[in-house]
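Architecture at a glance
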Amino acid sequence: MTIHECLDELFPDILSEADKQALIQEAIRLINLLGSRITTKINQFENFYSALEQQQIHGRSCSTLQAVYETLVKKKVLVTNYFCSFLACDLQCVDISKHEFEQLKAITLLCCCQLMILGNHKSTIIAACVELRMIAIGRRNHLIRYLPASQPCLLQLCNQITAQAEYLKDKSLSVNICNQLLNIRLPIIKVLENRKAITRKVSPREFREGSILRTTKATNIDEGSSGITQIREVNIAPKNQNGWQDEESNTDQNRVIEIVSIEHTPKGSYINQALQARAISDKYLKRGMYLACDIHLSSEHEIKTLAQELFKASQSTQTAIVATSLLLMLLTGSNFEAVKKIRLKRITKSLYSIKRFYKLPTQKLPTPIMRYLSMVENNFELPLPIFMDADLIKQIAQLAEADLKNFISSLNKTKGTHLTLSKIVNAIHFIFKRMNEDPIYPALISQQTTSECAQLSYSQITQKNILTKYLSFTKWLARISEVSEYGTFDYRLEMHLDQMRSKIGTPMGSIQETIKLFIKLLDAQICSPKNTPEQLHNLLTIKTQAILAMSSGYRPVTGWLGQITDLDLDTSQFWVSDKENQLGDSSRVILLPKTSIHAIEKYIDFVKVAKSEQLHSISQLRTRYSHCLTGKSHLFFYIKENQILESTPKNIELMFRNILPLPLNWHRHLIRSYLSNAGVNTELLDAWMGHSKYGDRPYAKFSALNMIQLEEISLQLENFFKELKIRNFDFGKLYRNSCTKES
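This structure is a prediction, so every number in the text was calculated from the model and none was measured.

Scanning the protein chain for helices and strands turns up 32 helices and 14 strands. Taken across its 743 residues, the protein chain has 52% of its residues classed as buried. Summed over all atoms, the accessible surface of the protein chain reaches about 34700 Å², with 50% contributed by carbon and sulfur.

Written out as structure tokens, the structure is:
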């Protein structure tokens, strides 16, 4: 492709001459921002720049970039004219500085032009142009925080992007963000390496749907070679999504394929094999529920026997390393491979601790947002009983798993137990559940991921709380095994415990002051006499949505917070259906606090007034208000330039951004942490949040919960709203006054 053909792609004939001149001026302006260390790496820079100057007509009026972009939108050619639409997009996102974005845009422009001249790099150019355009219009807020700062040369910029992508890959964070970073980097690296284009002769066979497939590691059942691998389809919504959407997808139960490998294939027909595979699958699901009746979990007698024998074996030089390995598996809930990677930290001369790392994808947020949030750490420590030898722990890597199995087999024969390695690993989860403790504590101790324990995404707890729960577990071991050494630590541990003030988990778990400020600011805007009816409608909607969201933990989905028919104000019941992507009925019913009931009543009064005020105006708006009251449409919507915007995640973010620029599920983080710290029953809290798992469904025939218990959460939330000092105005009167002033 020649330079002139490249310019034809950049300035297509569908645009007017004024539009083309606007794009030419923008291209020249961007290139002038770059230093010589960057432009010298572009072989065709001089020719391209002179060609642009030749096409520029001085003194002629030209359009604005926004007008050019709107023209492309109206003609529905944003995708087909990807290069032109990329150049026409102007920065709307507030989370990235204009200077950094324009430098990246200018570099991408020059690199893509160079690639066009080199050969057929169309897929690379499209991917880079789309990513930059999405950043500009605010559709890549989750990506911005990983973009490097301005760099004086291409190689440094490329290396920084590569480092960020490797970081995301190593930490098993979002694959989408990693791919988006690589899309931005690819044209730069190709220009630096002067790569020629490769023509693909066959189309790739890949998973093309809007979903993502996640495969778990193979899990052995009962130490045999029978195992199970899960392939789970998640994220039926868009493939490129924000961090908060990844959190919500962890709680979904979408389609799952299970591959079962059987050690000894049963004789007979295929039906017999299928039945055995189903039995293995059901056993795997039941084991994750940690039921008291599950024979595949350790009994108290088995744990007692194990603890006694491991303490004795740890004092013998022949079995000390094996016993230490099994002790760590019992104390931390980690498998043998994880135990071999344990890192120790020395606290005092005789006190060692295990260092644990815990970091959520949502913890790394743009700097402007972080000032609204609390600071959280990404690591904590678990002290070891004083009798455990740190030198032996460092030698565990020399062991094989067979050594541990031989020790357990010998113990089973002499003591009449039925222990397995998986029983030892799962013991801590079972014991914590029996103690009615929050599942996040054993999950943190055993270093589970958010996909294994969804509650981790929404919880903020202090390091002191984790350590206290861990010590209660070791004291329980000491009590049932009658081995006091399990609960014996260095005498300075209590002093170390008092000094632990740091928090871990979600940074949005203790933002009461931020939300109080948000409510105060919102009230001031609502009471402003300068509001137009459209502005007042949006402000009243935002406030009511925020209150109802905090009262229900409603996920931010299309049609957020449902219809008026989902509410029963007489009984305070609210039917929540925010997981409709999940197979089967995943809805739940909660009880609303009094503050929420009052807020909804005021909002309904406002809708009635708004409907009456629209009798002689826009018929579309009058109909929409009418449908709100009858339940034909969702209760909440927004208005922008007399156009109706439904409550979709994109529109919710647009409306909340200027007042509360937090991820859309901030209310779930805040309320889950608040209720957990208030001591609400964990099973009840999971039912309220919608964290159903496997067959352990709340209020089903096997559940011990009842609806009356929901009053406890309702009362806690009422106390929470009193702390926020929420005021309810006469929404209808405010709206009527606003309409009178405008007329």
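Here the focus is the packing of helix H25 (residues 533-552) against helix H31 (residues 710-724). Axis separation between H25 and H31 bottoms out at 10 Å; the angle between their running directions is 145°. Of the two elements, H25 crosses H31, and the hand of that crossing is right-handed. For the pair H25 and H31, the contacting residues are Ile547, Met550 and Ser551 in the first and Leu717, Phe720, Phe721 and Leu724 in the second. Within the contact of H25 with H31, the residues separate by chemical class into 6 nonpolar, 1 polar and no charged.

Now for a nonpolar patch on the surface. A cluster of nonpolar side chains, Tyr270, Ile271 and Leu275, forms an exposed patch at the surface whose accessible area comes to about 380 Å². As for its position among the elements, isoleucine 271 is in helix H13 (residues 270-287).

Next up on the list: the side chain of serine 577. As for its position among the elements, serine 577 is in the loop between strand S11 (573-576) and strand S12 (588-591). The exposure class of serine 577 is buried, given its relative accessible area of 13%. In contact with serine 577, not counting residues within four places along its chain, are Tyr554 and Ser587.

We now examine the pairing of strand S7 (residues 379-383). Counting buried positions along S7 gives 4 out of 5 residues, so the element sits mostly inside the fold. Bridge count between strand S6 (residues 352-357) and S7: 5 bridges; the pairing is antiparallel. What sits directly across from phenylalanine 357, in S7, is asparagine 379.

One pass over the full model with this rule turns up 19 salt bridges. For the salt bridge of lysine 105 with glutamate 26, the shortest nitrogen-to-oxygen distance reads 3.3 Å. A residue pair is termed long-range when its members are at least 10 positions apart, and lysine 105 in helix H7 (residues 98-118) and glutamate 26 in helix H2 (residues 17-33) qualify at 79 residues. Per residue, the accessibility class of lysine 105 equals that of glutamate 26, and both read buried. Linking glutamate 309 and lysine 312 is a salt bridge whose minimum nitrogen-to-oxygen distance equals 3.8 Å. Taken together, the positions of glutamate 309 and lysine 312, both in helix H14 (residues 300-314) and 3 residues apart, correspond to about one turn of that helix.

The subject of this paragraph is the environment of tyrosine 625. Tracing the chain through its elements places tyrosine 625 in helix H27 (residues 619-630). Tyrosine 625 sits in the buried class, given a relative accessible area of 1%. For the pair tyrosine 625 and alanine 610, spaced 15 residues apart in the sequence, the C-alpha separation amounts to 7.2 Å. Of note is the side chain of tyrosine 625, whose polar atom sits 2.8 Å from the side chain of histidine 537.

The pLDDT averaged across the protein chain works out to 83; a share of 85% of its residues lies at or above 70. Contacts of residues 199-210 to residues separated by more than four positions or lying in other chains number 8 contacts, the stretch itself having pLDDT below 50. This stretch, residues 233-240, has a pLDDT under 50; its non-local contacts, to residues over four places away or in other chains, come to 31 contacts.

At a closest axis distance of 9 Å, the pairing of helix H26 (residues 594-613) and H27 adopts a crossing angle of 145°. In this structure, the crossing between H26 and H27 has a hand that is left-handed. Contacts between H26 and H27 involve Ile604, Phe606, Val607, Lys608, Ala610 and Lys611 from the former and Arg622, Tyr625, Ser626, Cys628 and Leu629 from the latter. In terms of residue class, the contact of H26 with H27 is built from 7 nonpolar, 1 polar and 3 charged.

A few words now on the nonpolar core. Among the nonpolar cores identified, the biggest contains 77 residues, and Ile515, Phe518 and Trp688 are the most heavily contacted of them. Those residues in contact with tryptophan 688, other than ones at most four positions away along the chain, are Met550, Ser551, Ser552, Gly553, Arg588, Ile590, Ile671, Leu675, Leu710, Ile713 and Leu717. In terms of nonpolar packing, the next biggest core, distinct from the first, is built from 70 residues, Ile3, Ile24, Cys113 and Ile161 among them.

The next thing to look at is the environment of histidine 537. With respect to the helices and strands, histidine 537 occurs in helix H25. Along the backbone, histidine 537 and tyrosine 603 are 66 residues apart, and their C-alpha atoms lie at a distance of 9.9 Å. Not counting chain neighbours up to four residues away, the residues in contact with histidine 537 comprise Tyr603, Phe606, Tyr625, Phe637, Tyr638 and Ile639.

So, on to the sheet that holds strand S10 (residues 567-568). Within a beta sheet, neighbouring strands are joined by backbone hydrogen bonds and run either parallel or antiparallel to one another. Here we have 3 strands laid out as an open sheet, ordered S10-S11-S12, and antiparallel in their pairing. Each having just a single partner strand, S10 and S12 make up the two edges of the open sheet. Direction of pairing for S10 relative to S11: antiparallel, over a ladder of 2 bridges. Among the inter-strand pairings, aspartate 568 is bridged to a residue of S11, identified as glutamine 573.

Turning next to the pairing of strand S13 (residues 637-640). For a regular strand, side-chain orientation follows a simple rule: the groups alternate between the two sheet faces. Sheet topology note: the S13/strand S14 (residues 643-646) ladder contains 4 bridges and is antiparallel. Bridge assignment links lysine 640 to a residue of S14, and that residue is glutamine 643. Between S13 and S14, which pair antiparallel in sequence order, lie 2 residues; one of them, glutamate 641, sits at a positive phi of approximately 55°.

Our focus in this paragraph is the sheet that holds strand S5 (residues 344-346). Strand order in this open sheet of 3 strands is S5-S6-S7, and the pairing throughout is antiparallel. The outermost strands of the open sheet, each flanked by one partner alone, are S5 and S7. Within this sheet the neighbouring strands show an average axis-to-axis angle of 40°, counted without direction. Here 3 bridges tie S5 to S6, and the two strands are oriented antiparallel to one another. Within S6, the residue paired with arginine 346 across the bridge is tyrosine 352.

The tally for this structure, following the rule as stated, stands at 16 aromatic pairs. Taking the centre distance of 5.5 Å and the plane angle of 90° together, the rings of phenylalanine 387 and tyrosine 486 count as edge-to-face. Of the two residues, phenylalanine 387 sits in the loop between S7 and helix H18 (390-393) while tyrosine 486 sits in the loop between helix H22 (463-481) and helix H23 (493-498), which places them 99 residues apart along the sequence. You can call phenylalanine 387 buried: its relative accessible area is 18%. Tyrosine 486 sits in the buried class, given a relative accessible area of 1%. With centroids separated by 6.4 Å and ring planes inclined at 10°, the aromatic side chains of phenylalanine 473 and tryptophan 476 adopt a geometry described as stacked. With a gap of 3 residues between them, phenylalanine 473 and tryptophan 476 both fall in helix H22, about one helical turn apart. There is no split in this pair, since phenylalanine 473 and tryptophan 476 are both buried. Every member of this aromatic cluster is reached through a ring pair, and the members are Tyr603, Phe606, Tyr625, Phe636, Phe637 and Tyr735.

Rules and cut-offs
Residues numbered from 1 in each chain as written. Predicted model: local features only at pLDDT ≥ 70, side-chain atom pairs only at ≥ 80, totals over all residues. Heavy atoms only, no water. Helix = DSSP H or I, 4+ residues; strand = E, 2+ residues; numbered from the N terminus. Buried < 20%, exposed > 50% of the residue type's maximum accessible area, 1.4 Å probe, protein only. Areas by Shrake-Rupley, 256 points an atom, 1.4 Å probe, with all protein chains shown as cover. Axes fitted to C-alpha atoms, helices over the stretch in contact; angles between N-to-C directions. Left-handed = near helix turned anticlockwise from the far one by under 90°. Contact = heavy atoms within 4.5 Å. Nonpolar A, V, L, I, M, F, W, Y, C, P; charged D, E, K, R; others polar. Patch = residues over 30% accessible without salt bridge, like charges linked within 9 Å, V, L, I, M, F, W, Y side chains within 5 Å. Salt bridge = Lys/Arg side-chain N within 4 Å of Asp/Glu carboxyl O. Pairing = 2+ DSSP bridges. Polar contact = N/O pair within 3.5 Å; in protein donor to acceptor, adjacent residues only side chain to side chain. pLDDT = per-residue confidence, 0-100. Core = buried A, V, L, I, M, F, W, Y, C linked by side-chain atoms within 4.5 Å. Phe/Tyr/Trp six-rings, centres within 6.5 Å; stacked < 30°, edge-to-face > 60°.

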